Amino acid sequence: MKDRLRAMFCDHLSVMRGKYLPNSKIADSSTRFCRSTFGVHYDRDLLDAPGAMMKQGLPDMELKWVHDDIRDSWHTGTKVVLGDLYDDQDQPLPLCPRGALKRAVADWQARGLNPKVGIELECFALQADDNGRLVPYDAPGGVVYGTGPFADPLRFNDRIWAMAEEMGFSLDMITAEFDSPQFEYTLTFDDALKAVDDIVLFRLMAREIALEYGIVLTFMPKPIAEAGGSGMHINFSFQDETGANALSSGPRGGPEHMNDLARGCLAGLLHHHKGLAGLIAPTANSYMRLQPGSLSGYWQNWGGDHRNVTTRISSEGGAKARLEHRMADASSNPYTAVAAVLQAARLGVENGHTLPPMETGDGFDSTDAREGTAIDLAGAVRDLERDTALAQAVGAELVANHVFMKAKEVRKTRDLEGDALRDFYVYFI
Ligand SMILES: NC(=O)CC[C@H](N)C(=O)O
């Protein structure tokens, strides 16, 4: 069989959609999808969401890709590619999350700065019991920073590592996280679009490889009520026109060595804290993770090398100077989440918001911060609707679609608890 092409995009729900296409499409090429996919919910309900054009005949949109982006995949005989969505007038589709990230990158580049991004992704491994019910993967010897077979008896992560190498993903590390059977995957810093394309494909690959071992690897924020949550921490910095790290003020990092750019980014992230949650903690389940004292970005605060604040300033300086935003969870669309964080940071730089003092509390027993995110998806969606500057920067149409779909999600999940709530999401994210 000649190689075929699997062409995909990551949608408004962070679900991968695509088609298998013949060998002739392994070129600069395109394929068409129904635009009303942007009105489809996790439970397959088709809704008249803004921009989805469900009541206007469910027309086409077009996914376009370039040959150079086509790569080998983890399935033999199948190449894989991510593309950009266009409308029927051949204009970039405003709902396209990858397009939103491209706009965010272009907005920074217009300031002479190229965003560099490093993403940390957490997830839980589940497996079916004798009755077919999902239960935590049996790894009782798993510990935080666990490696080897006690953390992962089936060794499915070894297969993920080997395949990632073969596919050319630049892995920074794989380890077991705090709440066994939880794992963390980190890819190295790269240009924002490349970093996010890679994490999107890596996440899909990891889920599909794990499934071969009978593991449902889920990136939903809190699949096990008694365990911790799964975040998607977004580390970022900027390369200036000389190739230097623009967040660096010298060889040392940390709060004492921040420059105006770092301060501006922080101020923007704080100013848009509540609005961001609706976009980057995007499910009903996200608010079981996003709680005080959970190392997860609930509080409107920032600090130095402190895991219990929302934006952490690395103590590494020079080329490694960076900010780490810890609010997004692993279920969010990585394009939308990185676009939102970069845009909030940019608004801070451009609008001169004031930066409140650094958090001095430990985040467990004491916190200076008095404001947090909303406590549930309904509140976060309202906060997002109110933050028109953030919506405008990320893309008004994309945010309008998101707000509509998420308000519906509030209603759909209102009466779901425990396994029923988990199962609304678990096979998709
Ligand atoms: N290692 C950590 O920093 C834990 C992060 C935490 N699991 C989160 O939800 O973000």
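Residues numbered from 1 in each chain as written. Predicted model: local features only at pLDDT ≥ 70, side-chain atom pairs only at ≥ 80, totals over all residues. Heavy atoms only, no water.

K.L.:
Whenever I open this one, the packing of helix α8 (residues 377-386) against helix α10 (residues 396-413) confuses me. Can you help?
P.N.:
Two measures define how a pair of helices packs: the angle their axes make with one another and the distance between the axes. Their axes nearest at 9 Å, the elements α8 and α10 cross at an angle of 160°. Put simply, α8 runs roughly antiparallel to α10. The hand of the α8/α10 crossing is left-handed. Across from L377, A378, V381, L384 and E385 in α8, the residues of α10 making contact are V399, H402, V403, K406, E409 and V410. Its residues assigned to classes, the contact of α8 with α10 comprises 7 nonpolar, 1 polar and 3 charged. (Axes fitted to C-alpha atoms, helices over the stretch in contact; angles between N-to-C directions. Helix = DSSP H or I, 4+ residues; strand = E, 2+ residues; numbered from the N terminus. Parallel < 35°, antiparallel > 145°, perpendicular 65-115°, else oblique. Left-handed = near helix turned anticlockwise from the far one by under 90°. Contact = heavy atoms within 4.5 Å. Nonpolar A, V, L, I, M, F, W, Y, C, P; charged D, E, K, R; others polar.)

K.L.:
It is not clear to me how the state of the cysteines should be interpreted in this structure. Could you clarify?
P.N.:
Defined simply, a disulfide is a covalent bond joining two cysteines at their sulfur atoms. For the coordinates displayed, the defined rule picks out 0 disulfides. The closest cysteine sulfur to the non-disulfide-bonded C96 is located on C10, 9.8 Å from its own sulfur. Take C96: its relative accessible area is 2%, and that puts it in the buried class. (Disulfide = S-S within 2.5 Å. Buried < 20%, exposed > 50% of the residue type's maximum accessible area, 1.4 Å probe, protein only.)

K.L.:
Looking at this structure, I do not really get unusual backbone geometry. What am I missing?
P.N.:
Leaving glycine out, the prevailing phi sign among residues is negative, and the prevailing peptide bond configuration is trans. Residue P181 is bonded to the preceding S180 through a cis peptide linkage, with omega at 0°. Tracing the backbone shows P181 in the loop between β10 (171-176) and β11 (182-187). The phi angle at S14 is positive, at roughly 70°, despite the residue not being glycine. Mapping S14 onto the fold places it in the loop between β1 (4-10) and β2 (16-21). In the Ramachandran plot, Y145 falls in the positive-phi region, its phi being about 65° despite a non-glycine side chain. Within the secondary structure, Y145 sits in the loop between β9 (134-136) and α2 (156-167). Residue Y145 is classed as exposed on the basis of its relative accessible area, which comes to 59%.

K.L.:
How should the UniProt feature "domain: GS catalytic" (unreviewed entry) in the protein chain be read in this particular structure?
P.N.:
The positions that UniProt labels "domain: GS catalytic" (unreviewed entry) are, in the present scheme, residues 97-429. Regarding residues 97-429, the helix share stands at 39% and the strand share at 16%, and the terminal C-alpha atoms are separated by 16 Å. (UniProt positions renumbered as here; feature names shortened; annotations may be inferred.)

K.L.:
Hey, could you run me through the sheet that holds strand β5 (residues 71-72) in this one?
P.N.:
Strand pairing in a sheet relies on backbone hydrogen bonds, with the paired strands running either antiparallel or parallel. Ordered by their spatial adjacency, 4 strands build an open sheet running β2-β1-β6-β5, and the pairing between neighbours is mixed. The sheet terminates laterally at β2 and β5, the two strands that pair on one side only. Pairing of β5 with strand β6 (residues 78-82) involves 2 bridges; the strand directions are antiparallel. Residue pairing for β6: D72 is matched across the bridge by K79. (Pairing = 2+ DSSP bridges.)

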